[in-house]
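Structure assessment
If you want the building blocks of each chain, they are given just below.
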Amino acid sequence: MKKIYSKFLFLTLSASLFVHTLYAQEVTSRVVEDGGTGKYPAIMISEESLPSHTIFRPKDLSVFGKKSTLPVIAWGNGACANSPWEHVNFLSEVASHGFLVIAIGPMPKEGEQTRDRSTSSQLTDAIDWAIAQNGDKNSPFYKKIDVKNIAVSGMSCGGLQTLEIAPDPRVTTAVVCNSGILPNPNTGMPGMPSLAKDQLKKLHTPALYILGGESDIAYNNGMDDYKRIEHVPVFVANMDVGHGGTYGQPHGGEFAKVATAWYLWQLKGDKEASKMFLGDTCGLCSDPNWKLESKNL
């Protein structure tokens with residue numbers, strides 16, 4: 001009788017553990033929309049080794065290795081939010097094109113909207129984690145990450161966080177969305193990086209600004225940044241959609257298309273993607289929805 005009971009207890013505990021494991025997987029990963037339009041359907045996932053952030057990455061990591069690795073994109077959210085809930089469509093879409101996107105804040109639940117505050121240093125944490133994972137033999141990302149191609153990116157306050165971290169020598173490019181340094185550093189919302197315009201001189205990589213046109217509250221700041229940047233390649237693209245951008249639209253809308261092309265060009269050397277930005281007949285040049293300016297490309 002004791003043997004039967006022990007066997008029954010073992011099976012019960014095993015079943016319970018199996019159900020718990022399935023449940024843990026369910027609550028710590030999710031497919032956003034249909035996983036994106038790229039070649040590598042993406043998932044949004046919470047990694048146990050970095051619970052302070054949300055990971056967007058191709059679901060199937062087996063296709064990445066020596067010949068094809070994942071460039072890194074560290075992302076900061078609007079309103080300095082410690083959650084990427086506003087940007088999940090956009091970030092999932094980018095990841096589906098073969099990128100490891102690490103967004104500030106724990107993975108949001110379905111429909112969750114949180115305004116807990118984040119800090120710029122969390123972008124550095126994301127970069128540090130990615131590099132460590134690439135060298136960890138026990139990590140699913142072991143030797144699958146392109147640690148020599150790293151972007152810092154963000155929207156609104158996240159754009160200021162991006163500009164604060166962009167001088168990091170490990171950074172390859174910066175993407176600043178609906179953002180720009182304020183004329184007076186201490187006039188922003190509480191918790192916002194208090195950057196002076198001199199911060200722009202510390203940029204050492206190509207930079208892309210994506211703005212929402214003149215109705216975007218950050219338009220003047222972003223355009224002033226663009227005018228001041230003379231020492232590195234910089235491109236500014238404006239679409240008249242206001243400060244909210246197109247992040248919540250299916251697959252992140254037009255902002256995602258432009259940002260993805262920039263990442264493909266700058267982080268993967270994709271010549272086809274570069275055609276969206278280069279020359280008088282560039283892809284965006286013929287799109288009446290966009291107004292463009294560029295320097296040093």
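Scroll up a little and you will see the structure.
Reference entry: report on the structure contained in this document. (Residues numbered from 1 in each chain as written. Predicted model: local features only at pLDDT ≥ 70, side-chain atom pairs only at ≥ 80, totals over all residues. Heavy atoms only, no water.)

1. A look at the pairing of strand β6 (residues 145–155)
Heads up, the condition is: Only protein chains enter the accessibility calculation, which uses a 1.4 Å probe; a residue is then buried when its area is under 20% of its type maximum, exposed when over 50%, and partly exposed in between. Each helix is a run of H or I in the DSSP string that is no shorter than four residues. Each strand is a run of E no shorter than two, and both are numbered from the N terminus. Paired strands, in this sense, are two strands between which DSSP finds at least two bridges.
Of all 11 residues that make up β6, nine are buried, and the element is covered over most of its length. Where strand β4 (residues 70–76) and β6 come together, seven bridges link them in parallel fashion. Across the sheet, residue proline 71 finds its bridge partner in β6, namely aspartate 146. One ladder, built from five bridges, connects β6 with strand β7 (residues 173–177); its direction is parallel. Residue pairing in the sheet places valine 152 in a bridge with alanine 174 of β7.

2. Notes on the packing of aromatic side chains
Let me state the cut-off plainly: Two rings from Phe, Tyr or Trp (for Trp, the six-membered ring) form a pair when their centres sit within 6.5 Å of each other. Planes less than 30 degrees apart are called stacked, planes more than 60 degrees apart edge-to-face, and all others tilted.
Counting across every chain of the model gives 12 aromatic pairs. A ring pair is formed by phenylalanine 235 and phenylalanine 277, whose centres lie 5.1 Å apart and whose planes are at 85°; its orientation type is edge-to-face. Placement of phenylalanine 235 in strand β9 (residues 234–239) and of phenylalanine 277 in the loop between α7 (271–274) and β10 (290–295) is noted, with a sequence separation of 42 residues between them. Phenylalanine 235 gets classed as buried once you look at its relative accessible area, which sits at 2%. Of the residues examined, phenylalanine 277 reaches a relative accessible area of 3% and is grouped as buried. Ring plane angle 80° and centroid distance 5.3 Å describe the contact between tryptophan 262 and tryptophan 265, whose orientation is recorded as edge-to-face. Highlighted residues: tryptophan 262 and tryptophan 265, both in helix α6 (residues 253–268), separated by three residues, approximately one helical turn. Residues tryptophan 262 and tryptophan 265 agree in their burial class; the two are buried. Members of the aromatic cluster, joined through ring pairs, are Trp75, Phe90, Tyr247, Phe255 and Trp290.

3. Concerning the environment of glutamine 122
Quick note on the threshold: By definition, residues are in contact when any of their heavy atoms lie within 4.5 Å. Pairs of N or O atoms within 3.5 Å make up the polar contacts considered here, provided that, within protein, one atom can donate a hydrogen while the other can accept it, and that residues adjacent in sequence are counted only when both atoms are side-chain atoms.
As for its position among the elements, glutamine 122 is in helix α3 (residues 121–134). By relative accessible area, which is 11% here, glutamine 122 ends up buried. Ignoring anything within four residues of it in the chain, the contact list for glutamine 122 reads Ser52, His53, Asn82, Ile104 and Gly105. For glutamine 122, the side chain forms a polar contact with the side chain of asparagine 82, separated by 3.0 Å.

4. Some remarks on the side chain of threonine 172
Tracing the backbone through its elements, the reader meets threonine 172 in the loop between α4 (157–165) and β7. Of the polar contacts made by the side chain of threonine 172, one reaches the backbone oxygen of lysine 148; its length is 3.2 Å. Dropping the residues within four chain positions of it, threonine 172 is found in contact with Lys148, Asn149, Ile150, Thr205, Pro206, Gln266 and Leu267.

5. Here we look at the sheet that holds β9
Operational definition: With axes taken as lines fitted to C-alpha atoms, and helix axes fitted only over the stretch in contact, angles between N-to-C directions fall between 0 and 180 degrees.
Spatially, the 10 strands line up as an open sheet ordered β1-β2-β3-β5-β4-β6-β7-β8-β9-β10, and their pairing is mixed. On the outer flanks of this sheet lie β1 (29–30) and β10, each paired with one strand and no other. Contacts from helix α2 (residues 88–95) reach β2 (42–45), β3 (53–58), β4 and β5 (100–104), with the element oriented near 40° to β3. Together, β8 (207–211), β9 and β10 form the strand contacts of helix α5 (residues 219–228), whose direction differs from that of β10 by roughly 30°.

6. A word on the environment of alanine 218
Residue position: alanine 218 is located in the loop between β8 and α5. Considering only alpha carbons, one finds alanine 218 and isoleucine 181, 37 residues apart in sequence, at a separation of 8.7 Å.

7. Focus: the nonpolar core
The nonpolar side chains of a soluble globular protein tend to be buried, and buried together. Our working rule: The set of buried Ala, Val, Leu, Ile, Met, Phe, Trp, Tyr and Cys residues whose side-chain atoms join them within 4.5 Å is what this entry labels a nonpolar core.
In terms of nonpolar packing, the biggest core is built from 47 residues, with Leu100, Ile102, Trp129, Val152, Leu163 and Tyr209 touching the most fellow members. For this core, the element with the highest residue contribution is α3, accounting for five residues. Excluding residues within four positions of it along the chain, isoleucine 102 makes contact with Leu50, His53, Thr54, Ile55, Val72, Ile73, Ala74, Trp75, Ala126, Trp129 and Ala130. Judged by nonpolar contacts, the second largest core, of 40 residues, contains Phe99, Met107, Tyr247 and Trp262.

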